[in-house]
Structures are given as structure tokens and as C-alpha cells.
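Observations on the three-dimensional arrangement
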Amino acid sequence: MAFEGLADRLQDTIKKITGKGKVSEQDVKEMTREVRLALLEADVNFKVVKDLVKRIKERAVGQEVMESLTPGQQVIKVVKEELTELMGGEQSKIAVADRPPTVIMMVGLQGAGKTTTTGKLANHLRKKHNRSPLLVACDVYRPAAINQLETLGEQLSMPVFSMGTEANPVDIAKKAMEQAKEEHNDYVIIDTAGRLHVDSDLMEELEQIKATVKPDEIFLVVDAMTGQDAVNVAESFNEQLDISGVVLTKLDGDTRGGAALSIKAVTDKPVKFAGMGEKLDQLEPFHPERMASRILGMGDVLSLIEKA
Amino acid sequence: KKTRNSFSGKLNDLIARYRKVDEDFFEELEEVLISADVGVMTVMDLIDELKMEVKRRNIKDSKEVKDVISEKLVEIYYGDEDEEIEELNIQDNDLSIILVVGVNGVGKTTSIGKLAHQLKQQGKNVVLAAGDTFRAGAIEQLEVWGERADVGVIKQNAGSDPAAVIFDGIKAAKSRNADVLICDTAGRLQNKVNLMNELAKVKRVIEREVPGAPHEVLLVLDATTGQNALSQAKTFSEATDVSGIVLTKLDGTAKGGIVLAIRNELNIPVKYVGLGEQLEDLQKFDANAFVYGLFADMLEETSE
Ligand SMILES: Nc1nc2c(ncn2[C@@H]2O[C@H](COP(=O)(O)OP(=O)(O)OP(=O)(O)O)[C@@H](O)[C@H]2O)c(=O)[nH]1
Ligand SMILES: Nc1nc2c(ncn2[C@@H]2O[C@H](COP(=O)(O)OP(=O)(O)OP(=O)(O)O)[C@@H](O)[C@H]2O)c(=O)[nH]1
Ligand SMILES: [Mg+2]
Ligand SMILES: [Mg+2]
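Criteria and cut-off values
Residues numbered from 1 in each chain as written. Chains lettered and ligands numbered in written order. Predicted model: local features only at pLDDT ≥ 70, side-chain atom pairs only at ≥ 80, totals over all residues. Heavy atoms only, no water. Helix = DSSP H or I, 4+ residues; strand = E, 2+ residues; numbered from the N terminus. Rg over C-alpha atoms; globule rule 2.2 N^0.38 Å. Buried < 20%, exposed > 50% of the residue type's maximum accessible area, 1.4 Å probe, protein only. Contact = heavy atoms within 4.5 Å. Phe/Tyr/Trp six-rings, centres within 6.5 Å; stacked < 30°, edge-to-face > 60°. Lys NZ or Arg CZ within 6 Å of the ring centre and 35° of its normal. Near = heavy atom within 4 Å. Polar contact = N/O pair within 3.5 Å; in protein donor to acceptor, adjacent residues only side chain to side chain. Areas by Shrake-Rupley, 256 points an atom, 1.4 Å probe, with all protein chains shown as cover. Nonpolar A, V, L, I, M, F, W, Y, C, P; charged D, E, K, R; others polar. Buried area = accessible area lost by both parts, 1.4 Å probe. Axes fitted to C-alpha atoms, helices over the stretch in contact; angles between N-to-C directions. Left-handed = near helix turned anticlockwise from the far one by under 90°.

The next point concerns the overall build of chain B. Regarding its fold elements, chain B presents twelve helices and eight strands. Its C-alpha radius of gyration of 21 Å places chain B within 12% of the 19 Å reference for a compact globule of 304 residues. Evaluated residue by residue, chain B yields a buried proportion of 58% over its 304 residues. For chain B, the share of sequence-separated contacts (at least 6 apart) that also reach a separation of at least 24 residues comes to 78%.

To describe a pair of aromatic rings, you give the distance between the ring centres and the angle between the ring planes. Residue and element names in this part refer to chain B. For the structure shown, the criterion picks out five aromatic pairs over all chains. Judged by centre distance (5.6 Å) and plane angle (80°), the rings of F25 and F26 are edge-to-face. You'll find F25 and F26 in the same group, each marked buried. Ring geometry for Y77 against F285: centres 5.5 Å apart, planes inclined by 45°, an arrangement best described as tilted. Remark: F285 occurs in the loop between strand 8 (282-284) and helix 11 (287-294) and Y77 occurs in helix 4 (residues 62-78); sequence separation between them is 208 residues. A single burial state applies to Y77 and to F285, both of which are buried. Just above the ring of W145 sits the side chain of R148; from NZ or CZ to the centre is 4.6 Å. We note R263 situated over the ring of Y77; from NZ or CZ to the ring centre the distance is 5.0 Å.

What follows concerns the site of ligand 1. In the vicinity of ligand 1, 23 residues are found, and the nearest of them are G113, K114, T115, T116 and R142 of chain A. With respect to ligand 1, the chains having nearby residues are chains A and B. Between ligand 1 and the protein, one listed contact pairs an oxygen atom with a backbone N or O atom of G113 of chain A at 2.7 Å. Here a nitrogen atom of ligand 1 sits 2.8 Å away from a polar atom, N or O, in the side chain of D252 of chain A. Out of a free accessible area of 650 Å², ligand 1 has 96% covered by protein chains.

Here the focus is the site of ligand 2. Taken together, the neighbourhood of ligand 2 is formed by 23 residues, with K108, T109, T110, R135 and E277 of chain B sitting nearest. Bordering ligand 2 are residues originating from chains A and B. One of the side-chain nitrogen or oxygen atoms of K114 of chain B is found 3.5 Å away from an oxygen atom of ligand 2. Take G276 of chain B: an N or O atom from its main chain is 3.3 Å from an oxygen atom of ligand 2. The fraction of the free accessible surface of ligand 2 (660 Å²) that becomes covered by protein chains is 97%. Of the residues forming the shell around ligand 2, the biggest block, four residues, is contributed by helix 5 (residues 108-121) of chain B. Of the residues that constitute the shell around ligand 2, the class distribution is three nonpolar, twelve polar and eight charged.

A cis amide bond, omega 5°, links P100 of chain A with the succeeding residue P101 of chain A. Residue position: P101 of chain A is located in the loop between helix 5 (71-87) and strand 1 (102-107). At the junction of A213 of chain B and P214 of chain B, the peptide bond is cis and its omega measures out at -5° in the coordinates. Note that P214 of chain B resides in the loop between helix 8 (193-209) and strand 5 (216-222).

As a further point, take the interface of chain A and chain B. Contacts between the two partners involve 38 residues from chain A and, on the opposite side, 39 residues from chain B. Surface buried jointly by chain A and chain B totals about 3400 Å² across both partners, of which 58% is contributed by carbon and sulfur atoms. On the chain A side of the interface with chain B, the three residues burying the most area are P143, M225 and E278 of chain A, jointly 18% of the side's total. In this assembly, chain A and chain B are joined by 19 residue pairs in polar contact (both at pLDDT 80 or more). Every element with two or more residues in the side of chain A that touches chain B is listed here: helix 2 (25-41), helix 3 (46-61) and helix 7 (145-156) of chain A. In terms of residue class, the side of chain A that touches chain B is made up of 14 nonpolar, 13 polar and eleven charged.

This part covers the packing of helix 9 (residues 228-240) of chain B against helix 10 (residues 258-266) of chain B. All names here are of chain B. Direction vectors running N to C along helix 9 and helix 10 enclose 35°, while the axes themselves pass 9 Å from each other. Like other packed secondary-structure pairs, helix 9 and helix 10 cross with a definite hand, here right-handed. Counting all contacts with helix 9, which are made through A229, L230, A233 and K234, the residues of helix 10 involved are I258, A261, I262, E265 and L266. Among the residues forming the contact of helix 9 with helix 10, the class breakdown is seven nonpolar, no polar and two charged.

Any link to function would need more than the numbers given here.
Structure (C-alpha cells):
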């Protein structure tokens, strides 16, 4: 692709300083400039980049990099550490309610992958935790949304609760809870319609569903290809719903996925799972370190370390 | 030109808030453009050019820089070409075929419903083909849009060969004397080689059945998408020779600035924008209004 990884970007500067014995402040400045561009090209939000670059510069101007024999590698190491730390440790655990059923609510923008991820999570819960979830069709707006969830339910041989498109999503969620209790489903996963974070009526609807079902988890589903707007979206959803975690979808693509970093930075909520395809078994725990390498252009990082 | 003047007029307000053309000014301009997802390198080049131009013309007052900014921005989009709104390539008395492609969840099926409605309003006889046989509920979704727009939908069962569905669609469109056939396809990420080959095959079927078709290959891009949209445009173009872009979800807070870089680097024009989930929420793309939209936040912030 046209986008250079961080290592590529640093090549020239590294060549220039190799054999010089000492790294000047000017060299560090050049390197941090490249770090900034690499992060921006990976779609990390520019405000998040600003903070990051400031911290990286501080560490770089210190002895860690200036007095290193391999300053280029050292910068990459510092950057990678900062990114990994910002994204936090691995957290793919799903809540378990004291009294079943455990309720999970899926929310997010249009087309992010909520319905598909609802199916994937249900599959995950059954396979990995031996649970029997009930899927709930609360999207009464998108054409054939209920049909889509019912098809996934069929593929999984799992029950799907729906009341058609005339019912109110809050009522649907409420009735679904009753059925789950009767049928002894230990998890309830609620699929909601995609909506804009600035659509106050529809955001209000989510708040009402939340108040009704008292979910144990609210997952914000975010497309990994999201650009600078990821912070606005995540911040709004989190402010209005106090989400518990994030699922990053479509990571099987070739996007760098800087949105992961932006979202964590503004909400401080963990990215828990990664969607790795359209099929129902393509859900993985989220690995912060792998994500850091990816944002920086992983292949490059490895090749640079080999070259040195 | 008229359109360019109206953009300059609005840019006036912005410039009025910055007296001096200094580093701060350029820094904020850079941030505004980056936060609108204009390609990073595009922004860097633009700012460099602006700085040079400002130096060359010895501009100090921000009032004088406004023309340079508006010139450069519109130039990025149009290059040396005429500033005009791109029309859809629809044949007058013959069947036109539109193939709609893009990654998952961007708004292909929805945009097809909206476009069918517009064409129908113009008195065209429209048929849709349900070429997404993969995603759960995709066929039913297109059928609902067909009902809303009051146009026919040609389909097969889920799981069948998309090329075969499109073939059926062409046959039906011909026998119904349709003016326009719009073909839906399954969303696919551009790095999936076999899925891109499948799409190329669909296009070949269209080419074989109707000389000169497809008359449009529309790539649907989600305005929320960042830098990856450039990679999407490149790869989908290689596979299907994209003729225009539909930029969806502009009713949100994302700006979709990456289309500037796409037009600049790949010369693919934006033809429509999606502004909501309803039948009527599709509009022709106006580059000047779009470029002005990139600055809306800057205006709000500075006027507070
Ligand atoms: N490649 C890939 N595609 C995915 C992934 N997750 C979802 N998709 C696809 O993305 C598209 C949208 O997914 P949906 O589950 O319908 O998204 P949604 O958020 O429910 O959409 P709305 O209900 O319309 O808001 C579909 O084509 C899915 O197959 C993923 O991890 N990888
Ligand atoms: N707000 C807004 N939502 C839109 C717009 N266009 C489409 N959507 C929504 O985005 C979601 C996905 O739209 P689809 O038309 O199913 O997208 P697609 O590209 O056909 O998706 P796949 O076939 O799964 O790849 C739906 O919830 C649509 O209602 C738009 O312009 N604005
Ligand atoms: Mg859905
Ligand atoms: Mg579709």
C-alpha cells in the first residue's frame, strides 16, 4: 500500500545518524515528526497523536534514545511501548451476572457490524463457555434487520426473540427478558439498530432500553476502518450510555486501525474483541500489542530489527 | 466562476478571524483538514504549497491568503478539469446497467434503493438485481427497498452464484424493456483476492451480455472511513474500473475528506452523497459545498 510504516519513515533519519555516534536534538525532532505522520496515516486521532508525540519526545530526548547505539530502533520501541500501554492489557472477559440471565447490549453506528457480532458473541458464549443465549431483535428500522438476525439464529440453531417491526424496541427488550427467564437462557444479547451518536431521539431510545434491561455489558461496535471521527462517536456513546467495552470489526481488512487507539484514549474503555471476518466463528480476543504493531506497520518493525 | 466565488465568499468569514498568516494559522488549517480525513500527505503537500505561495506573493494579511486557499483546495479536487457536477451515464433509449460495489456495511443496498427511487421519479423503468447472495437477509433487504421505490427485484436463493443472478437480471431487464438495471453486490474487503475476482467475473458477465455496459460502476464509500478509503478506491478500480463514488453517511459528524485525495490521485469523481436512511436522502455531489463543509467546525470554534 501507499502508506509507509513507521520503520520505513525512519529509514532516512536513521541512515543519516548511523556512525555519527551521537544523536542531536534536531535528529530527535525529525524522528518525532515521522512518528506523528505515521500515526496520522494510521487514522489515530490528531489530538491523541499530539499527546502521544509529546510523551514520546520527552522519552526520546532523554538518555533512552539520545545515547543509544541504535536510536531508530529505540524510537520504535518507545513508540510501541506507549501505544501498547495506552491500549491496556488483554481483556476479553465477558461479565457474568449474579443472577442469570446476563444481559449484553450491542450499540453503534450504522453498518458497524452489530448484528453479525451479536451472532458471533452468541457462538463464542456457547462454544467457549457452554452457555445458551437468547438473541433479541430490537432493530425495527433497518429493512430486513429482523430477518437478518433470524437467519443467523437459524445458522447457529439458537432462539431469536422478535415482535416484528411495529413493536417498540423498549417493549421488545422487556418481553425478551421475561422469555429468557422462562426458558432459562443464561445470556441475552440485544441487537439494536444502527444510529448516529448525534441523533438524540434514537440515543434516548437506547437509554430507555438500558434502564429497562439493566445490561451487564454494553458493547460499542466500531468499524476498524473508521477515521478521525472515531473519537466523536466513542465519546458520545460513552457519555450517553456508559459503555463497558468495544468490539472492533473488519480487522481482517488492510486498515491500520488507529481508531482502536483513539477510542481507548477518549473513553478509557477496553477493546475486548476483534471481528476477523463475516463468518460466525471469526471473533477473536483483542491483543493490544499486536494492534500496536499493526498501527505502526508490523512487517516494517520486524524487518528493521532484522536489518540492525 | 460562480461556484468558486460563493466558496470564497464563505471562506471570507473564516479568514476574517485570523489576522495574520503565521505558523498558528497553518497549524490550525492543517488540523482542520486532517480531522476531516483529508489524506495526510495531501494535507502536507497542500500546506507546503500554500506556504510557498504565500511567500512568493509576499502575503502577510490573512485576507489575501483566502484566494490562494480556495484555489488550491478546489484545485486538489478538480485538477485541471472543468468544475462541473458529474452526471450519471444513462443511455437515452437503451438499457443502462449500474454495478454497485464496496466494502461491508458502507450503504450499497440502501443507496441502490434511493437511486432507484430517483430514477423512477424521473420516469425511468428500473429493475434491481439481488447480487448479494451471501449476507444474511441481504435479498430481503433489497426487496423491501424495491417495494419502497416501487421497482421490480430479480433474485435467486441465498447462496447462489452472484454472476448467475446478474445474468438473470439482465435478461429480465431486457424483456421488460427497462431503462436502468441496478446490480447489488455483497460487501467485500478489498484485500480478499478471491472475492475481488468474483466481482470481476460479475462485471465480465455484464460486459458480455450488453455491449458498452456497465455504464456506471459506483463505488460506495462510508464518510466515516479514514485513510483506508484510498486503498478501497484503488483496489476496487483495478477489479471493476470504478466510474464514480457514492459517499454515504454524511449526515453524521464525519466529513469524508478522503474523497479529495481519491479524486486527486485516482481521478474518480464523487457523484452522489448519502444523507440519511430514507428514500429521499440521496443528493448530487457539489464539490464547493463539500469543501466549505470541511471548514464548518473551524468557523464555529472561532466564532464562539
Ligand atoms: N470482513 C468483515 N465483515 C464484517 C465483520 N463484521 C461484520 N461484517 C460485515 O459488515 C456488514 C455490516 O454488518 P452488520 O452486522 O449488518 O452491521 P450492523 O451494525 O448490524 O448494521 P446496521 O444494523 O445496519 O446498523 C455485513 O456485510 C457483515 O457481514 C468483520 O469482522 N469482518
Ligand atoms: N445515517 C446514514 N445511514 C446510512 C446511509 N446509507 C446507509 N446507511 C445505513 O447503513 C447501514 C448499512 O447499509 P446497507 O445499505 O445495508 O450497506 P451495504 O453496503 O449494502 O452492506 P453489506 O451489503 O452488508 O455490505 C444501514 O443501517 C443503512 O440504513 C446514510 O447516508 N446515512
Ligand atoms: Mg444490524
Ligand atoms: Mg448490501
